[in-house]
Amino acid sequence: MGKRVTYNSSVGVAFSFMMLLLVIGSCSSPAVEISRKTANWIENPVGISVDEELKLGWEITSQDPGTIQSAYQIVIASTEKLAAQGKGDLWDSGIVNSSQSQLISLDKNINKHEERLYWNVKVWDQNEKETSWGKPAFFEFEPESMDGKWIGAITEEDSRLPIGNRNFHQPLMRKEENKALWAEVEDLAKRSILLRNSIKVERKIEKATVHISGLGHYEFSINGQKIGNSEFAPLWSDYDKTVYFNTYDVTENINQGENALGVILGNGMYNVSGDRYTKFLVSFGPPTLMMKLKLHYGDGTTEELKSDESWKYESSPIVFNCIFGGEDYDANLEQDGWDMPGFDDSGWKPVVIQKGPSGRLRPQLASAVKIQKAFDIKSIEEPVAGNFVLDMGQNISGFPSIKVKGEKGQKVRLYVGEHLNSDGTVGQKRSGGPHYYEYTLKGDGEEAWQPKFSYYGFQYIQIEETNLPGKPVLKDWPTLTEVKAKYIYNDVPEIGDFESSNDIFNQTHLLINNAVKSNMQAVFTDCPHREKLGWLEETHLNGPGLFFNYDLSGLIPKIMQDMEDAQHVSGLVPNIAPEYVEFGGDFTDSPEWGVAVIILPWMYYEFYGDDRLLRKHFDAMKHYTEYLTSMSSDLILSHGLGDWYDYGDHAAGYAKNSPIALSATAHYYFGVKTLAKTAALLGYQDDFEKYSTLQKEIGEAFNREFFDVETKQYQSESQYANAIPVFLGIVDEQYKKDVLENLLLAIAERDGKLSTGDVGNRYLYQTLARNDLNEVMFDMHNHYETPGYGFQIQFGLTTLTEQWDPRKGNSWNHFMMGQIEEWFFQSLAGITVDENAPGFKHFYLKPELVGDLTHVAAKTRSPYGRIRSSWEKSEQQIKFDFEIPANSSSTVVLPISNKDKTTINGEKLQDSKWISNFKEIEGKVEFLLNSGSYTIINGTE
């Protein structure tokens, strides 16, 4: 390789790097390869903010164990050709002696609006073998301004919408004065509209880019071809604070000559104006559009087409659309070719200029919502004559799509739901109704349709007086030739998987993740039908499971922006974000929910090693902490929902088994503890000292208020009450063993079953897991009774439900009780983050052999690549298989004692060149493993 010159001495060497080089330095290795290049965690992002710090990263692959990057070189170039040649005409890092391959900072001076820059990287391994430059990646910055005008069919003033009022929720919506207020709204203010314009191109185009925001949602086309493949764009936000726009490279879509631009607008969460079922009413204004098309010509000049007075509009064939109530479409109102060149729009109306939303326009970098799967009909029943119920086989979030033949004016109504009434028809009483989709035929052969601006949670579709596939045909009915259920959710990579020899655990994993996907809709919703709101507690209480299963590096920053946008002037972070509706009281202010603003960015740091969210939102975190302090009395909080939906003979809702004040104060402590750690990490010494002191004082107040020294119990003696002080380290060490014993007694009193709910589950599960009580955890969940996941499986459900007993609950598509995923990955498979080396640069593999399990396998993907952990147990041996990605390392802790009968990749364990730091601790062995794939076999004595 030749002599290296270090250009960036500030870049640190990775965990145990020198020791790893000594271990593996003599081992031969094939050339390493770079498999994935990202900028701010995204491959080839478009719309990066010029104000944000840009960080690059890459994954390294190698077939040889022990691969460690020893140096890298990055080039930034103005053209793809230069970057491919390793020539950085804009920036060249030189050769940097470092194992760092993620979160490489760049000089902000290269950030230029609308500039697409190409970059490349090559690396050297520990044996000084270098990669080739490979295929370049790129990143493109946001436009300098979105200087189009907000346009639509009607102004805010003329719409008569009660814009800005967030108090229209049940039961307030039933008040006559509120009904009258919404009844005055102009119909045009709720209608979907078509907008069009055209541009003539007579010169060669080098590049064409569109920046567009259509609210609530839009579909955009050029010359009749839809641009992008997302649904419900842009993502939801608090439109008074943030408005997202999308950027598309449309170079290949622009033709010489006339080009037509078409946009369809729907209401979304921007304009929830009712007329069918709705959880609440809120409006930021009538549907509106802002866009800019920028053409870069070969001669160096540019031309722009913006949203302005030159556009025209017409009502669309979508005659009704509401995110809560459904959608109706009349195909007889279609205007063929409306978004094609040459269309006669002389009868269309000129748009009006609107005020538009007041929020800041931001590029949407989080993944879009897309159609991910399509389900065919599983079975058809006819519970009532002429009334058919289609079982699509899976409870999902989404909408149906149809192909139909019939006569002009015939209608097909699709009534969807996730459960059936006692008579076999589709029910919506639990999930909110009426919600349906109606299509009016134009009578022109086979017609295809699917909704654009509404979705629901459903497994069943009810259709009346319509011919269906495989059924006798009646000539007076329209005929459906195809029905599918389209499953939609954010297009984040699914990186995790878990399976075992226990069918309950396997099915539980599927139940939870089907519910997670159904509720990943720009925010993490509670349910995909009744509320569709971003309740915050599930983001941190289910956080580890979410991070193990999905690449959320791009979505969580958006969730954090939602929280900061929702934060009140007082510092309160409300229970939901975006806060489209102000429920008031504990449903607006519960510490278990609001503390997500502190805990979630810390989890993000643990899983990605990226502290930018902590830095960006540190003031919001502090502000919320100060708010909680102001609400406390002697550092005790007494408000909130507590362990929501805890289990017992009582009706589900507010916590009944454990004190509200205990739960609220514990989360106050948790938030302050995490804030103190954050301050230490970021080097904010004054804040660290302040919040460390406050943490100690809250812990002392908590124990004075809730701990009984005589009984060694926390107030109410419930599972949750005794678990959370242990989890958080509030309990004095001298009493910890006694509190754990009392926790076990509380579990035994319920025949080994849980009594916790939405909030308490994680603390109960992890207190057992982290205190060598995994056998208790196993028994608690290895059954088909309620409360437990097995009961839901036996009940025949395909998604996790709101209540432990689905017969009593409303929603059958909630993931809030899914905290067991953390145990699957972190305990059974043993994949555990190292807080001292975040982002899986170093991590732990410490699987637990529990119960009658004979097999466990899990995988996830870290910023460095795939991590895999599996084990199999028989009477003769235990076999472990591990995969550690290149340029990272893992400390392995195995529950084996006969080390002399243990081999790794065929070599005796202690003699293997691949391990170091070997220890024996309390019947377990511990050692450090470098990257690679390993099979460890432990024979019985």
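Residues numbered from 1 in each chain as written. Predicted model: local features only at pLDDT ≥ 70, side-chain atom pairs only at ≥ 80, totals over all residues. Heavy atoms only, no water.

*Asks:* Help me understand the sheet that holds strand β18 (residues 280-283) in this model?
*Replies:* Hydrogen bonds between backbone atoms are what pair the strands of a sheet, whose relative direction is either parallel or antiparallel. Spatially, the 3 strands line up as an open sheet ordered β10-β18-β17, and their pairing is antiparallel. Strands with a single pairing partner mark the edges of an open sheet, and in this sheet they are β10 (168-169) and β17 (271-272). Here 2 bridges tie β10 to β18, and the two strands are oriented antiparallel to one another. Among the inter-strand pairings, phenylalanine 168 is bridged to a residue of β18, identified as leucine 281. (Pairing = 2+ DSSP bridges. Helix = DSSP H or I, 4+ residues; strand = E, 2+ residues; numbered from the N terminus.)

*Asks:* Which parts of the structure should I look at to understand the environment of leucine 103?
*Replies:* In this fold, leucine 103 is placed in the loop between β5 (91-92) and β6 (104-105). For the pair leucine 103 and aspartate 610, spaced 507 residues apart in sequence, the C-alpha separation works out to 7.2 Å. Once you skip the residues sitting within four places of it in the chain, leucine 103 turns out to touch Trp41, Lys55, Leu56, Gly57, Tyr608, Gly609, Asp610 and Arg612. (Contact = heavy atoms within 4.5 Å.)

*Asks:* Any chance you could explain the nonpolar core here in plain terms?
*Replies:* A general tendency of soluble globular proteins is for nonpolar side chains to be buried together. Membership of the largest hydrophobic core comes to 208 residues, with the highest contact counts inside it found for Leu552 and Ile556. Sorting elements by how many residues they give to this core places helix α13 (residues 660-682) first, with 12 residues. Residues Ile151, Ile227, Ala233 and Tyr297 belong to the second largest nonpolar core, which totals 30 residues. (Core = buried A, V, L, I, M, F, W, Y, C linked by side-chain atoms within 4.5 Å. Buried < 20%, exposed > 50% of the residue type's maximum accessible area, 1.4 Å probe, protein only.)

*Asks:* Would you mind showing me how to read the sheet that holds strand β42 (residues 831-833) here?
*Replies:* Within the open sheet, the 5 strands sit side by side as β42-β43-β47-β51-β50. Their pairing is mixed. In the strand order of this sheet, the two ends are held by β42 and β50 (915-921), each with one partner. When strand polarity is set aside, the average angle formed by the axes of neighbouring strands in this sheet is 20 degrees. Where β50 and strand β51 (residues 924-929) come together, 5 bridges link them in antiparallel fashion. (Axes fitted to C-alpha atoms, helices over the stretch in contact; angles between N-to-C directions.)

*Asks:* Could you clarify how one ought to interpret the pattern of salt bridges in this entry?
*Replies:* It is possible for side chains bearing opposite charge to pair when their charged atoms get close. Counting across every chain of the model gives 61 salt bridges. One salt bridge connects glutamate 202 with lysine 200, and the closest N-O pair in it is separated by 3.8 Å. A single network of salt bridges, built from pairs that share partners, joins Glu114, Asp147, Lys292, Lys294, Glu304 and Lys306. (Salt bridge = Lys/Arg side-chain N within 4 Å of Asp/Glu carboxyl O.)

*Asks:* What is the right way to read the pairing of β51 from this model?
*Replies:* On a regular strand, one side chain projects to one face of the sheet and the next to the other, so that they alternate. Here 5 bridges tie strand β47 (residues 889-894) to β51, and the two strands are oriented antiparallel to one another. Looking across to β51, one finds that threonine 891 is bridged to leucine 928. As consecutive antiparallel partners, β50 and β51 are separated by 2 residues, and within that stretch glutamate 922 has a phi angle of approximately 50 degrees, a positive value.

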